[in-house]
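Chain by chain, the residues:
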Amino acid sequence: MNDKDSIDSNLKQPVLNGVRVIELAGIGPAPFCGMMLADHGAEVIRIDRPGANSEDQKRDVLLRSRRSITLDLKRSESIEIVARLAETADGLIEGFRPGVAERLGLGPEALMQRNPALVYGRMTGWGQEGPLSDAAGHDLNYISINGCLAALGQEGKPPMPPLNLIGDYGGGGMMLAFGFVSALLAARQSGHGRVIDCSMAEGSAALMAGMWSLKHNTMWEKGPGQNLLDGGAPFYSSYACADGKLIAIGAIEPQFYARFVEALELGDDQLFAAQLDQENWPGMKSRLTELFASAPRATWTGLLQHCDCCYTEVVTMAEAPEHHHNRLRGSYVESDGWMQPHPAPRFADTKVVLPKMWQRDADRKDILAEVGMADPDWVTTKQTH
């Protein structure tokens, strides 16, 4: 046994070790939830669809660390395979429109009759009921009816889509993962599963709770781009430097703000004397914009990095793995040559599930053996590989 093996043997198992989850293939938030569960030790069996682009999916970080079997859910024998798997599982997640799983014969009522302790996670944009429940949409739509998108724009300009981080992954996949683990705890105590109705619109609305607090305390009363956390505050914003590179300032608290203005030799400037005087914010921001544009980023990093004033460089995705903090912590890892974020959060004294890229149908033979079923007749080499 080498030193590494000795260290590993003293580590606790991943926190979801022993949990089995069935994932009906989808896009975006449901796969993100599956990734989160798999990252922390759950055995996630992904039911893939025939005909999908395997080459694209081999590079899909969201699909990492899964077992895979391809099944045509329009066929009864495939439905029976999924149902038998659900009998052996702690939970199932699906991202279909309302009613689709029921029409397939894989709705919660049918599966929980066979496994009463099953946690059944449902991911939709709008929720299982309501006027919009059957409407098509994407992240941008789901965050548009709860004040989230409207709060993200610049002054006088339409909102910019915030990637699909808020609706799909924050209010969707992450919220479903939280709901799944919560329901799993309840099921283990009671023996009864739960159905999770996870709406991306409602999940992203919950992420806005802090903004509602600011609103109730008269700190979010102006239009987009004019408030404390939306770029309106000059001490909570990003700036371009002389070399075109970017920096971010987050000096909200008085002590951080004081260090910030002192380092920039602005402590005696009356324009910067009253941090929270919003009448001065446009002038302060204009002055800072001009100042930071006068020198390259390295200059500002050298001046501000060690002042403890909430200063950082704004790095690109390509630069992120090489950032000194990220390198020290190993915040990014490679799997099969593809760079990706390390599983998060971390648990002390616990084994890490290192990402393994998805491979279509890689576990077909073993999975079918586990449920005692033969390969359906429709399967061909062309369809599954």
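Conventions used here
- Residues numbered from 1 in each chain as written.
- Predicted model: local features only at pLDDT ≥ 70, side-chain atom pairs only at ≥ 80, totals over all residues.
- Heavy atoms only, no water.
- Axes fitted to C-alpha atoms, helices over the stretch in contact; angles between N-to-C directions.
- Helix = DSSP H or I, 4+ residues; strand = E, 2+ residues; numbered from the N terminus.
- Parallel < 35°, antiparallel > 145°, perpendicular 65-115°, else oblique.
- Left-handed = near helix turned anticlockwise from the far one by under 90°.
- Contact = heavy atoms within 4.5 Å.
- Nonpolar A, V, L, I, M, F, W, Y, C, P; charged D, E, K, R; others polar.
- Pairing = 2+ DSSP bridges.
- Phe/Tyr/Trp six-rings, centres within 6.5 Å; stacked < 30°, edge-to-face > 60°.
- Buried < 20%, exposed > 50% of the residue type's maximum accessible area, 1.4 Å probe, protein only.
- Core = buried A, V, L, I, M, F, W, Y, C linked by side-chain atoms within 4.5 Å.
- Salt bridge = Lys/Arg side-chain N within 4 Å of Asp/Glu carboxyl O.
- pLDDT = per-residue confidence, 0-100.

Caption draft 1: Spotlight on the packing of helix α2 (residues 29-39) against helix α8 (residues 165-190). Between α2 and α8, whose axes approach to 8 Å, the crossing angle comes to 50°. Considering the angle they form, α2 stands oblique to α8. Relative to α8, α2 is oriented so that their crossing is right-handed. Contact with α2, carried on its side by P29, F32, C33, M36 and L37, involves D168, Y169, G172, G173, M174, L176, A177, F180 and V181 of α8 and no other residues of that element. Per-class residue counts for the contact of α2 with α8 are 11 nonpolar, 2 polar and 1 charged.

Caption draft 2: Main features of the sheet that holds strand β8 (residues 246-250). The strand order across the open sheet formed by 3 strands is β7-β8-β9, and the pairing between neighbours is antiparallel. Each of the sheet's edge strands pairs with one partner strand only, and the pair in question is β7 (236-240) and β9 (311-314). Strand-to-strand twist in this sheet, taken as the mean axis angle between neighbours without regard to direction, amounts to 25°. Sheet analysis places β8 next to β9, joined by 4 bridges and oriented antiparallel.

Caption draft 3: Here's a closer look at the packing of aromatic side chains. Applying the stated criterion to the full structure yields 7 aromatic pairs. When the centroid spacing of 5.7 Å and the interplanar angle of 75° are considered together, the rings of F235 and Y257 count as edge-to-face. Highlighted residues: F235 in the loop between α10 (209-216) and β7 and Y257 in helix α11 (residues 254-263), separated in sequence by 22 residues. What makes F235 buried here is its relative accessible area of 1%.

Caption draft 4: The arrangement of the nonpolar core in detail. With 33 residues, the main nonpolar core has I249, F260, L264, L288, F292 and L304 as its most contacted residues. For this core, the secondary-structure elements that each account for two or more residues are β8, α11, α12 (281-292) and α13 (297-304).

Caption draft 5: Representation of the pattern of salt bridges in the model. Per the stated rule, a full pass over the model turns up 21 salt bridges. Where R46 meets D48, a salt bridge forms, and the shortest distance between an N and an O atom there is 2.6 Å. Since its relative accessible area comes to 2%, R46 is described here as buried. When its relative accessible area of 1% is taken as the criterion, D48 is described as buried. Between R114 and E87 there is a salt bridge, with its nearest N and O atoms 2.6 Å apart. Taken together, the positions of R114 in helix α6 (residues 108-114) and E87 in helix α4 (residues 76-88) put the pair 27 residues apart, joining distant regions of the chain. R114 gets classed as partly exposed once you look at its relative accessible area, which sits at 36%. Given a relative accessible area of 39%, E87 falls into the partly exposed group. Taken together, the shared-partner salt bridges connect R20, E43, R67 and E370 into one network.

Caption draft 6: Structural detail: the confidence of the model for the protein. The predicted model of the protein has a mean per-residue pLDDT of 94, with 95% of residues at 70 or higher. Confidence over residues 380-385 falls short of pLDDT 50; this stretch has 9 contacts with residues more than four positions distant or in other chains.

Caption draft 7: Fine view of the pairing of β7. The alternating pattern of β7 places S237 and Y239 on a buried face, while none of Y236, S238 and A240, on the opposite face, is buried. Strand direction decides the pairing type here: β7 and β8, joined by 5 bridges, are antiparallel. Bridge pairing in β8 places A240 opposite L246. Between the end of β7 and the start of β8, which pair antiparallel, lie 5 residues, with G244 showing a positive phi angle near 85°.

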